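Chain residues, written in single-letter form:
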Amino acid sequence: MTPERTGSVVPGRWREVLHATGLLAADGSTRPTIFAEMSALAASTGAVNLGQGFPDVDGPDAVKRAAIQAIADGHNQYPPGSGIAPLRAAVAGHQQRYYGLEVDPDTEVLITTGATEALAATVLALAGPGDEVLTLEPFYDSYAAVIALAGARHTTAPLSPGADGFRLDQAALRAAFTDRTRLVILNTPHNPTGAVLTRAELELVAQLATAHDAIVVTDEVYEHLVFDSATHVPVATLPGMADRTLTISSAGKTFSFTGWKIGWISGPAPLVEAVRTVKQFLTYVSGAPFQPAIAVALADDDSDTWVRGLAASLSARRDLLCNGLERAGFAVVRPQGTYFVVADGAPLGFDDGAALCRRLPELAGVVGVPVSAFTRAGSPADVALRSTVRFTFVKRESVLREAVDRLGALRPA
């Protein structure tokens, strides 16, 4: 169902969401997301689609078999509102095993329809008009949308590219905090830049959040997909932060089952209860046969081995794509994690990443997404990253080699 219209104007909170996500045209009409536009462009031109970040192969066979068995065993009706007990226990076990965090599966874990719903329910539960929600910039596009839905004000602190990757602008972060800062949403490992925030960077966030009595919400969906010497440090493990941090993750990225939409949130019981109150009026519940399968995956040593192999494979595929982009003439900031690399088209004479993305199918038979899709128009981060493009390397090696070969058409003479 589409919202009712008065002329070409979309009424109510929808208009604020469209404005926040750049989908509201000057005449009041709506336009498609850049992701939909680029995917359609790839389909119509036969270009290699390195714009959308989803795997082109499935996760572990044993986990798929567990889902099939769950269907056969009758796990096809509404699961409990908080998620099935074995999955909540598996999430708690994961947090203890990897990070030493003690989480009560009955009161401090909530299963959600992917991390996106966990984030939406959290912001809607804990922020509203008069509050500020601080994110890093660039930011995953759903953050701006749900902050607008909550009626809160979106503030940002930039990540800046350098020799050691994208790093947090600490002075800008200090300036971004105010007495109205209610939530801080941290995405690490970070989409789209591939940055993995250091312990020192996270300690500064923790210090400022404590000083301003803000709640930290961490989007850790790429927690196991880190490369080289980078280490993922959950904010909740820092001294004094477990009581003011909500941790969000999902099975989509860790196990390459993005379409199953099984996510979770963990943290202090009163905060989880607030999120649960909102979540029950969003999807209520979902993924009945997938929940037992992901419970198996989280507790299975063989799955741990599979995930380590995935991270190693992604690291090699990252290098393949980054090397190809550099040979083609892009300036590349090599990521420390995630599915994505940011490449600057300025050395090739392109000062507008969106314009470059629209021409890339014609110039090289490849599709990417402009980093401007993850910034606010006119912000310092938007200006600094205007010429950059995000490409994904979570594709089969053969697909990436084809893309690299095609990108060679851009190579300076």
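Residues numbered from 1 in each chain as written. Predicted model: local features only at pLDDT ≥ 70, side-chain atom pairs only at ≥ 80, totals over all residues. Heavy atoms only, no water.

Labelled according to an unreviewed UniProt entry, the protein chain appears under the name Putative succinyldiaminopimelate transaminase DapC, originating from Pengzhenrongella frigida. If you open the UniProt record of the protein chain and go to Cofactor (unreviewed entry), you find "pyridoxal 5'-phosphate". What UniProt records for the protein chain under Sequence similarities (unreviewed entry) is the sentence "Belongs to the class-I pyridoxal-phosphate-dependent aminotransferase family." (UniProt positions renumbered as here; feature names shortened; annotations may be inferred.)

Q: Would you mind showing me how to read the overall build of the protein chain here?
A: Summing up its helical and strand segments, the protein chain has 15 helices and 14 strands in all. The buried share of the protein chain, reckoned over its 413 residues, is 56%. A separation of at least 24 residues holds for 73% of the contacts in the protein chain among residues at least 6 apart in sequence. Accessible surface, the protein chain: about 16800 Å² in total, of which carbon and sulfur atoms supply 53%. (Helix = DSSP H or I, 4+ residues; strand = E, 2+ residues; numbered from the N terminus. Buried < 20%, exposed > 50% of the residue type's maximum accessible area, 1.4 Å probe, protein only. Contact = heavy atoms within 4.5 Å. Areas by Shrake-Rupley, 256 points an atom, 1.4 Å probe, with all protein chains shown as cover.)

Q: What should I look at first to understand the pattern of salt bridges in this one?
A: Two side chains of opposite charge can pair, provided their charged atoms sit close to one another. Inspection of every chain in the model, using the stated rule, returns 18 salt bridges. A salt bridge links Asp 319 to Arg 318; its shortest N-O distance comes to 3.0 Å. Across the salt bridge formed by Glu 402 and Arg 406, the nearest N and O atoms sit 2.7 Å from each other. Taken together, the residues Glu 402 and Arg 406, both in helix α15 (residues 397-407) and four residues apart, mark about one turn of the helix. On the accessibility criterion, Glu 402 (35% relative accessible area) is partly exposed. (Salt bridge = Lys/Arg side-chain N within 4 Å of Asp/Glu carboxyl O.)

Q: Looking at this structure, how should I read the packing of helix α5 (residues 114-126) against helix α10 (residues 269-279)?
A: Helix-helix packing is described using two parameters, namely the angle between the two axes and the distance between the axes. Contact pair α5 / α10: the axes reach a minimum separation of 8 Å and the direction vectors enclose 105 degrees. The angle between α5 and α10 falls in the class roughly perpendicular. Of the residues in α10, those touching α5 at Glu 117, Ala 118, Ala 121, Thr 122, Leu 124, Ala 125 and Leu 126 are Leu 271, Ala 274, Val 275, Val 278 and Lys 279. The class makeup of the residues in the contact of α5 with α10 is nine nonpolar, one polar and two charged. (Axes fitted to C-alpha atoms, helices over the stretch in contact; angles between N-to-C directions. Parallel < 35°, antiparallel > 145°, perpendicular 65-115°, else oblique. Nonpolar A, V, L, I, M, F, W, Y, C, P; charged D, E, K, R; others polar.)

Q: How do you make sense of the UniProt feature "domain: Aminotransferase class I/classII large" (unreviewed entry) in the protein chain when you look at a structure like this?
A: UniProt records the feature "domain: Aminotransferase class I/classII large" (unreviewed entry) at residues 48-407, using the numbering of this structure. Secondary structure content for residues 48-407 is 42% helix and 19% strand, and the end C-alpha separation is 10 Å.

Q: For this particular structure, what's the right way to read the domain arrangement of the protein chain?
A: Interfaces are frequently sized by the accessible area removed from exposure as the parts join. On domain assignment, one finds that the protein chain holds domain 1 (13-58 + 305-408) and domain 2 (62-300). Computed from C-alpha coordinates alone, the two centres of domain 1 and domain 2 are separated by 24 Å. Summing the contributions of domain 1 and of domain 2, the shared interface buries around 3200 Å²; its carbon and sulfur component is 65%. Summed over the three residues of domain 1 that lose the most area to domain 2, namely Gln 336, Thr 338 and Phe 374, the buried surface amounts to 21% of that side. Counting across the interface, domain 1 meets domain 2 through two salt bridges. The salt bridge involving Asp 58 is made with Lys 64; its shortest N-O contact spans 3.6 Å. One can count twelve residue pairs in polar contact (both at pLDDT 80 or more) joining domain 1 with domain 2. (Domains from an automatic or database assignment. Buried area = accessible area lost by both parts, 1.4 Å probe. Polar contact = N/O pair within 3.5 Å; in protein donor to acceptor, adjacent residues only side chain to side chain.)

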